[in-house]
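Here is what each chain is made of, one letter per residue.
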Amino acid sequence: MATLGGKTTVERIALGISAADLEKKLERLGHRVGSRTLELSTWRERGGRERNGRREIRVLQVLSFIQNTVWKSLFGKPADDIQKSVENEGEYYMIDAKPLVNTFISVPAEMGGQLNCGAFLAGMVQGCLDGAEFPAEVSAQSVDNEDGSYPPRTFIIVKFSPV
């Protein structure tokens with residue numbers, strides 16, 4: 001990586017940007033990747049056409065498609081799990097125990113460890129759901145592993161809008 005004045009290009013870009021602003025940028029980039037990957041994965045999975053002209057209409061089917069097909073095409077493995085919230089209706093959690101986007105990232109000290117690069121994954125899932133016409137709010141949350149290992153598990157929280 002190129003350095004200038006002892007700082008990498010990425011560090012120079014990140015200076016002056018808050019963790020929240022950087023997460024928003026990661027979400028926007030993830031959204032673009034997700035919407036395009038959904039389209040590509042749909043073409044590959046179904047031979048260029050949806051099942052007899054139909055699209056997924058069930059929440060679990062579309063989440064399963066994202067978990068298995070989309071995740072595997074981007075990261076080489078499916079996401080670890082999908083869980084339905086017992087507390088909130090229409091809320092699901094997609095879990096990745098070792099997200100690739102967090103594996104090779106070191107958060108600059110200026111950000112105080114507040115940056116969650118899982119925002120890219122949340123944006124990616126949001127892009128997939130928007131492309132599949134499922135209105136939802138998607139966010140990412142990191143949860144420390146019980147054994148303290150790095151990277152922390154990432155929970156993608158999907159809140160579907162009532163119909």
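Just above sits the structure.
Bear in mind that the values here come from a model prediction, so they are computed numbers and not experimental data.

A. Broad picture of the overall build of the protein chain. A count of helical and extended segments in the protein chain gives 5 helices and 6 strands. Counting over 163 residues, the protein chain shows a buried share of 37%. Long-range pairs, those at least 24 residues apart, make up 57% of the contacts in the protein chain with a sequence separation of at least 6. As displayed, the protein chain has an accessible area near 10100 Å², and 52% of this comes from carbon and sulfur atoms.

B. Quick peek at unusual backbone geometry. Phi angles above zero are rare outside glycine, and Glu133 is one such case at about 65°. Examined against the element boundaries, Glu133 turns out to sit in the loop between helix 5 (119–131) and strand 5 (136–143). Overall, Glu133 belongs to the exposed group, its relative accessible area being 54%.

C. A look at the packing of aromatic side chains. Inspection of every chain in the model, using the stated rule, returns 4 aromatic pairs. Consider the rings of Tyr92 and Phe160, whose centres lie 5.8 Å apart with planes at 80°: the pair is edge-to-face. Linking Tyr92 in strand 4 (residues 91–96) with Phe160 in strand 6 (residues 153–160), this pair joins segments that are 68 residues apart in sequence. Taken individually, Tyr92 and Phe160 each receive the classification buried, so the pair is uniform in this respect. Between Phe134 and Phe160, the aromatic rings sit 6.2 Å apart at their centres with planes inclined by 75°, giving edge-to-face as the arrangement.

D. Structural detail: the side chain of Thr42. Among the structural elements, Thr42 can be located in helix 2 (residues 19–46). There is a polar contact of 2.7 Å between the side chain of Thr42 and the backbone oxygen of Leu38.

E. Inspection of the nonpolar core at higher detail. Membership of the largest hydrophobic core comes to 30 residues, with the highest contact counts inside it found for Trp71, Met94, Val125, Leu129, Ile156, Val158 and Phe160. Where this core is concerned, the elements lending two or more residues are helix 2, helix 3 (59–75), strand 4, helix 5, strand 5 and strand 6. Broken down by element, the residue count for this core peaks at 8 residues, all from helix 5. With residues up to four places along the chain from it excluded, the contact list for Ile156 reads Trp71, Tyr92, Tyr93, Met94, Gly118, Leu121, Ala122, Val125, Val138, Ser139 and Ala140.

F. Focus on the packing of helix 3 against helix 5. One way to put it is that helix 3 packs onto helix 5 with a least axis distance of 11 Å and a crossing angle of 125°. Between helix 3 and helix 5, the interaxial angle falls into the category oblique. The two elements helix 3 and helix 5 cross, and the hand of that crossing is right-handed. Residues Val62, Ile66, Val70, Trp71, Leu74 and Phe75 of helix 3 pack against Leu121, Met124, Val125, Cys128 and Leu129 of helix 5. Considering only residue class, the contact of helix 3 with helix 5 consists of 11 nonpolar, no polar and no charged.

Rules used in this analysis
Residues numbered from 1 in each chain as written. Predicted model: local features only at pLDDT ≥ 70, side-chain atom pairs only at ≥ 80, totals over all residues. Heavy atoms only, no water. Helix = DSSP H or I, 4+ residues; strand = E, 2+ residues; numbered from the N terminus. Buried < 20%, exposed > 50% of the residue type's maximum accessible area, 1.4 Å probe, protein only. Contact = heavy atoms within 4.5 Å. Areas by Shrake-Rupley, 256 points an atom, 1.4 Å probe, with all protein chains shown as cover. Phe/Tyr/Trp six-rings, centres within 6.5 Å; stacked < 30°, edge-to-face > 60°. Polar contact = N/O pair within 3.5 Å; in protein donor to acceptor, adjacent residues only side chain to side chain. Core = buried A, V, L, I, M, F, W, Y, C linked by side-chain atoms within 4.5 Å. Axes fitted to C-alpha atoms, helices over the stretch in contact; angles between N-to-C directions. Parallel < 35°, antiparallel > 145°, perpendicular 65-115°, else oblique. Left-handed = near helix turned anticlockwise from the far one by under 90°. Nonpolar A, V, L, I, M, F, W, Y, C, P; charged D, E, K, R; others polar.

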